[in-house]
Amino acid sequence: MNTRDLAILFASVIAFGAVVGAVKPVRSHDIYGGPEWRVPNNPAVSCCDNTDCRATRAYMGDDGLWRAWTGTKWLTVPLSVMLPTDLAKDGRAHLCEKMDHIYCFSPSEPKS
């Protein structure tokens, strides 16, 4: 292989990686599009606008309320936004939140 062939191969690998990287977030976000991902007190409204839902760390406090990690701080989850446990069926908690406003939260099974 000459230098030109190696450059073309390298560019092809980079381009393929960029395409795969761009597609993966869309696929993983598809779990939030189903009818079960609706705001509990307003079922006509989706929890997610494709930018605000994600798996997250969470724990139940001594007061019985869940806390969810936004990536920068812990928020107390209001009971009015609770969805069924493990709704995503992946064993993780999921948070739909933007600018510290929680739209929906699906807890994981408590871990010991």
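Please refer to the structure placed before this passage.
### Considerations on the side chain of R67
Thinking step 1. Inspection of the secondary structure assignment puts R67 in strand β5 (residues 66-69).
Thinking step 2. For R67, a relative accessible area of 16% translates into the label buried.
Thinking step 3. Looking at R67, its side chain comes within polar contact range of the main-chain oxygen of L65, at 2.8 Å.
Thinking step 4. Within polar-contact distance, the side chain of R67 engages the side chain of T76 at 3.2 Å.

### Observations regarding the packing of aromatic side chains
Thinking step 1. Counted by the stated rule, this structure contains 4 aromatic pairs.
Thinking step 2. Considering the side-chain rings of W66 and F105, the 5.8 Å spacing of their centres and the 50° angle between planes classify their relative orientation as tilted. Here the residue W66 occupies a position in strand β5, and F105 occupies one in strand β8 (residues 101-106), the gap between them amounting to 39 residues.
Thinking step 3. Overall, the relative accessible area of 9% leaves W66 in the buried class.

### A short note on the sheet that holds β8
Strands belonging to one sheet form pairs held by backbone hydrogen bonds; the direction of such a pair is parallel or antiparallel.
Thinking step 1. Spatial strand order, β3-β7-β8: 3 strands in an open sheet with antiparallel pairing. Whereas interior strands pair on both sides, the edge strands pair on one side only; in this sheet they are β3 (53-56) and β8. Between one strand axis and the next, the sheet turns through 30° on average, direction left out of account.

### Points about the sheet that holds strand β6 (residues 74-76)
Thinking step 1. Spatial ordering of the open sheet is given by β4-β5-β6, a layout of 3 strands whose pairing is antiparallel. Of all the strands in the sheet, just β4 (58-60) and β6 have a single pairing partner and so form its edges. On average, adjacent strands in this sheet sit at an angle of 25° to one another, irrespective of strand direction.
Thinking step 2. Of the strand pairs in this sheet, β4 and β5 are connected by 3 bridges, and their pairing is antiparallel. Residue Y59 lies in a different strand from β5, and its bridge partner there is R67.

Criteria and cut-off values
Residues numbered from 1 in each chain as written. Predicted model: local features only at pLDDT ≥ 70, side-chain atom pairs only at ≥ 80, totals over all residues. Heavy atoms only, no water. Helix = DSSP H or I, 4+ residues; strand = E, 2+ residues; numbered from the N terminus. Buried < 20%, exposed > 50% of the residue type's maximum accessible area, 1.4 Å probe, protein only. Polar contact = N/O pair within 3.5 Å; in protein donor to acceptor, adjacent residues only side chain to side chain. Phe/Tyr/Trp six-rings, centres within 6.5 Å; stacked < 30°, edge-to-face > 60°. Pairing = 2+ DSSP bridges. Axes fitted to C-alpha atoms, helices over the stretch in contact; angles between N-to-C directions.

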